[in-house]
Amino acid sequence: MTAPSSFDIASIATIATPFKQKFAIPRQPNLAKAQGVITFGEGFNDISMLKGIEHYSHLWLLFIFHQNLERGWKSTVKAPRLGGNATMGVLASRSTHRPNGIGMSVVVNKGIISRNGQTQLCVEGVDLVDGTPLIDVKPYISYADSVDNAKDKLDDINPIPHRDVFFAPSLSSMLAKIETKHSDFSALVTAVLAQDPRPAYKQHLDNDEKIYRVTLYDIDVGFTIKNAAVCVTELVQLG
């Protein structure tokens, strides 16, 4: 019997996250304690599907890189961890431009909630843009999924940056106001910007006067790089 060459895969849920754009999303899950809420779609809003999920501290999320599908894919991709110009094979990378546009992230399981009859699953450590469609949720099983002697030689070549992050003193009152609605805002901004989300070819610059912008929740965050640190200079409420 010949296996089919193509398959139909349905989205079972979408996830709400603080990340409104791809820029500045952490490079991998759990590099920031960003919160996510998974809402199950029609035909999958059955709480019995999640029976027993409380036994697992972490979960795998399988999802679609929906914002990149129309751009297609290539056999080689530019690798940010090699400076942004060197290339690697697409299957040797975590590139979002893949033959089938499928990604996976391991996240912390924060439990089930129900709102207006809608089943939702709360998770932490997400690295997904707001509204990403999920195609599966699976338990993370430590004895099978964690490999003690696994190697990542690229981490020796170009480790993920970790810069200090400071908020301009003039933002203190605005920051306090934001945190009445988003209590994790300061911590989230710090964790995201510490990884220096600028293009890889600029990450060697310890002084960069350009104002970069990222939207977290409903806040536009402006920042620059000064004396090797990230300086948050603007916080603007959107909408």
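Anything mentioned here points back to the structure above.
What you see is a predicted model; the values in this text were computed from it and never measured. (Residues numbered from 1 in each chain as written. Predicted model: local features only at pLDDT ≥ 70, side-chain atom pairs only at ≥ 80, totals over all residues. Heavy atoms only, no water.)

Caption draft 1: Structural view of the overall build of the chain. The helix and strand tally for the chain stands at four helices and twelve strands. Taking 18 Å as the expected radius of gyration for a compact globule of 239 residues, we find that the chain reaches 19 Å, a close match to that expectation. Its C-alpha atoms give the chain principal-axis dimensions of roughly 60 × 45 × 40 Å. For the chain, buried positions account for 40% of its 239 residues. (Helix = DSSP H or I, 4+ residues; strand = E, 2+ residues; numbered from the N terminus. Rg over C-alpha atoms; globule rule 2.2 N^0.38 Å. Buried < 20%, exposed > 50% of the residue type's maximum accessible area, 1.4 Å probe, protein only.)

Caption draft 2: Unusual backbone geometry, seen in detail. Phi is positive for Asp-196, close to 50°, though the residue is something other than glycine. Topologically, Asp-196 is positioned in the loop between helix H4 (185-193) and strand S10 (208-216). Backbone geometry places Tyr-217, a non-glycine residue, at a positive phi of 55°. With respect to the helices and strands, Tyr-217 occurs in the loop between S10 and strand S11 (219-226). Assessed through its relative accessible area of 16%, Tyr-217 is described here as buried.

Caption draft 3: Geometry of the layout of surface pockets. Considered as a void within the structure, the second largest pocket measures approximately 270 Å³ in volume. The wall of the second largest pocket is formed by 13 residues, among which Phe-7, Ile-9, Ile-64, Asn-100 and Ile-102 lie closest to the centre. Along the lines of polarity and charge, the residues of the lining of the second largest pocket split into eight nonpolar, four polar and one charged. (1 Å grid on protein atoms, 1.4 Å probe; cavity = no way out; pocket = protein on both sides within 12 Å on 5 of 7 lines; lining within 4 Å. Points joined across faces, edges and corners; volume = space filled by probe spheres on them. Nonpolar A, V, L, I, M, F, W, Y, C, P; charged D, E, K, R; others polar.)

Caption draft 4: View of the packing of aromatic side chains. Scanning all chains against the criterion turns up three aromatic pairs. Residues Phe-63 and Phe-65 carry aromatic rings whose centres are separated by 5.0 Å and whose planes lie at 80° to one another, so their mutual orientation is edge-to-face. Residue Phe-65 is classed as buried on the basis of its relative accessible area of 16%. (Phe/Tyr/Trp six-rings, centres within 6.5 Å; stacked < 30°, edge-to-face > 60°.)

Caption draft 5: A look at the sheet that holds S11. One open sheet accounts for four strands, arranged S9-S12-S11-S10; its pairing is mixed. Each edge of the sheet is formed by a strand with only one pairing partner; in this case those strands are strand S9 (165-167) and S10. With direction set aside, neighbouring strand axes in the sheet form an average angle of 30°. Pairing of S10 with S11, which is carried by six bridges, proceeds in the antiparallel orientation. Bridging from a neighbouring strand, Leu-216 pairs with Ile-219 of S11. (Pairing = 2+ DSSP bridges. Axes fitted to C-alpha atoms, helices over the stretch in contact; angles between N-to-C directions.)

Caption draft 6: A look at the pairing of strand S7 (residues 118-124). Burial within S7 is extensive, with six of its seven residues counted as buried. Where strand S2 (residues 35-40) and S7 come together, five bridges link them in antiparallel fashion. Within the sheet, the bridge partner assigned to Gln-35 lies in S7 and is Glu-124. One ladder, built from seven bridges, connects strand S6 (residues 102-115) with S7; its direction is antiparallel. Bridged to Ile-113 within S7 is Gln-120.

Caption draft 7: Broad picture of H4. Taken across its nine residues, H4 has seven buried, putting it largely inside the fold. In this structure, the buried residues of H4 make contact with S9, helix H3 (172-179), S10, S11 and strand S12 (229-237). (Contact = heavy atoms within 4.5 Å.)

Caption draft 8: View of the environment of Thr-190. Along the chain, Thr-190 turns up in helix H4. A residue is classified by how much of its surface remains accessible, and Thr-190, at 30% relative accessible area, is partly exposed. A C-alpha to C-alpha distance of 9.2 Å links Thr-190 and Phe-167, two positions 23 residues apart in sequence.

Caption draft 9: Looking closely at the nonpolar core. Ranked by size, the top nonpolar core spans 46 residues in total, and within it Ile-38, Phe-185, Leu-193, Val-221 and Leu-235 carry the most contacts. Ranked by the residues each element gives to this core, the list is headed by H4, at six residues. When neighbours within four sequence positions are excluded, Leu-235 is seen to be in contact with Leu-171, Met-174, Leu-175, Ile-178, Phe-185, Ile-219, Asp-220 and Val-221. (Core = buried A, V, L, I, M, F, W, Y, C linked by side-chain atoms within 4.5 Å.)

Caption draft 10: Broad picture of the sheet that holds S2. In space, the six strands of this closed barrel follow the order S1-S2-S7-S6-S3-S8, with antiparallel pairing throughout. Along the sheet, successive strands turn relative to each other by an average axial angle of 45°, direction set aside.

Caption draft 11: Summary view of the side chain of Thr-215. Within the secondary structure, Thr-215 is located in strand S10. Not counting chain neighbours up to four residues away, the residues in contact with Thr-215 comprise Pro-18, Phe-19, Lys-20, Gln-21, Asp-220 and Leu-238.

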